[in-house]
Amino acid sequence: MGNFLAGKVVAVTGAGRGIGRAVALAAAAEGARVVVNDYGVSVEGASPTSEVAEAVVKEIESAGGEAVAVADDISTMAGGQRVVDVAMASYGRIDGVVCVAGILRERMLFNMTEEEWDPVVATHLKGTFTVFRAASAVMRKQRAGTLIGFTSGNHQGSVSQANYSAAKGGIISLVRSAALGLNRYGVTANAVAPVARTRMSAGVPMELTEIGEPEDVAALVVYLLSDGAAEQGITGQVYTVAGPKIAVWAQPRELRSAYAVGGWTPERIAEVLPGSVGVDPMPMLERVREMRRAAAEGARPNA
Ligand SMILES: NC(=O)c1ccc[n+]([C@@H]2O[C@H](COP(=O)([O-])OP(=O)(O)OC[C@H]3O[C@@H](n4cnc5c(N)ncnc54)[C@H](O)[C@@H]3O)[C@@H](O)[C@H]2O)c1
């Protein structure tokens, strides 16, 4: 047991399994009292059960830690609010929230239904908003706190998970907005893009060359929740963690520009844009092409 989070109260959504569970256990081992939220659903988001969150609370307690279970659905405003309310009622404060809960409903864009789009966006993006919303109202008054969202390398785009990719891109913008809006109150916000062996990553139809365990992700999250990270001014960042690797993503910025004297016309744009503004090649598109080539040759593609 370390003391990175001694005295802190941390709520983790999706904490019943996989990465969320590892984060909850690690936070408790580092001295935090933990709200363990999990709706207890399948990878697709079906068949909820409260046993999943309760089992992790028991694990924390038998290791000598303190935790409380919340089995609500964080894609509802009431669910997100309850996570924070239970922290306040049980422990009197909330120092960190970690929004890990997620589901997958994979389908090519041209076949995707509303039932495949809405719950995925609701669980990831709205489910991060509901908890950030409730927690930030308390943290603003406390003048301290840490918000952590979970994104994915797939925020760059995805062949068969446009719903998931769009939600993960939205989480990055939500985190950056929280970092900007709450900076004056001493509250930080960051995003983590993990690659770890869980039931969710087991379904990926390719060989992941850089992958680690949920515990690797938990170590990064513990650091981001600690006072040390806030003292370093870490906010508005996106970190990948994949086994032994941690990487920071670039902030989006304009790459090249051109100005028209007297306004643009389609003809003037056709003349200027290809040569002087140009394109920024999409790394994922090259990988998708490579994977298609490998698949055509009968190999299991790497990613
Ligand atoms: N595993 C990876 O390699 C990987 C890669 C990129 C991103 N991620 C992201 O990391 C997070 C955790 O993924 P994981 O691999 O541990 O998945 P997992 O399926 O093992 O765990 C997700 C947990 O979220 C819970 N959950 C789902 N909907 C919920 C809801 N509405 N309210 C509360 N809880 C809910 C589930 O019951 C489950 O226990 C997800 O956001 C995922 O998108 C994972």
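The name that an unreviewed UniProt entry assigns to the protein is Short-chain dehydrogenase, with the source organism given as Streptomyces viridochromogenes. According to the UniProt record, the Sequence similarities (unreviewed entry) comment for the protein reads "Belongs to the short-chain dehydrogenases/reductases (SDR) family."

Participant: Explain the overall build of the protein to me, please; I cannot follow it from the model alone.
Facilitator: Of the regular secondary structure elements, the protein holds nine helices and eight strands. A principal-axis box enclosing the C-alpha atoms of the protein has dimensions of 65 × 50 × 35 Å. Expressed as a percentage of its 303 residues, the buried residues of the protein come to 44%. For the protein, the share of sequence-separated contacts (at least 6 apart) that also reach a separation of at least 24 residues comes to 68%. Total accessible area computed for the protein in this model is approximately 15,100 Å², and 54% of it derives from carbon and sulfur atoms.

Participant: Looking at this structure, how should I read the UniProt feature "domain: Ketoreductase" (unreviewed entry) in the protein?
Facilitator: Look at the UniProt record and you will see "domain: Ketoreductase" (unreviewed entry) annotated at residues 8-198. The span residues 8-198 carries 47% helix and 17% strand; its end-to-end C-alpha distance comes to 27 Å.

Participant: Honestly, the site of the ligand in this entry has me stumped. Any pointers?
Facilitator: Neighbouring residues of the ligand: 30 residues in total, closest Asp38, Asp73, Tyr164, Thr198 and Arg199. Here an oxygen atom of the ligand and a side-chain polar atom of Arg17 are 3.0 Å apart. Note that an oxygen atom of the ligand is positioned 2.9 Å from one of the backbone N or O atoms of Val100. The fraction of the free accessible surface of the ligand (840 Å²) that becomes covered by protein chains is 96%.

Cut-off values and rules
- Residues numbered from 1 in each chain as written.
- Predicted model: local features only at pLDDT ≥ 70, side-chain atom pairs only at ≥ 80, totals over all residues.
- Heavy atoms only, no water.
- UniProt positions renumbered as here; feature names shortened; annotations may be inferred.
- Helix = DSSP H or I, 4+ residues; strand = E, 2+ residues; numbered from the N terminus.
- Buried < 20%, exposed > 50% of the residue type's maximum accessible area, 1.4 Å probe, protein only.
- Contact = heavy atoms within 4.5 Å.
- Areas by Shrake-Rupley, 256 points an atom, 1.4 Å probe, with all protein chains shown as cover.
- Near = heavy atom within 4 Å.
- Polar contact = N/O pair within 3.5 Å; in protein donor to acceptor, adjacent residues only side chain to side chain.

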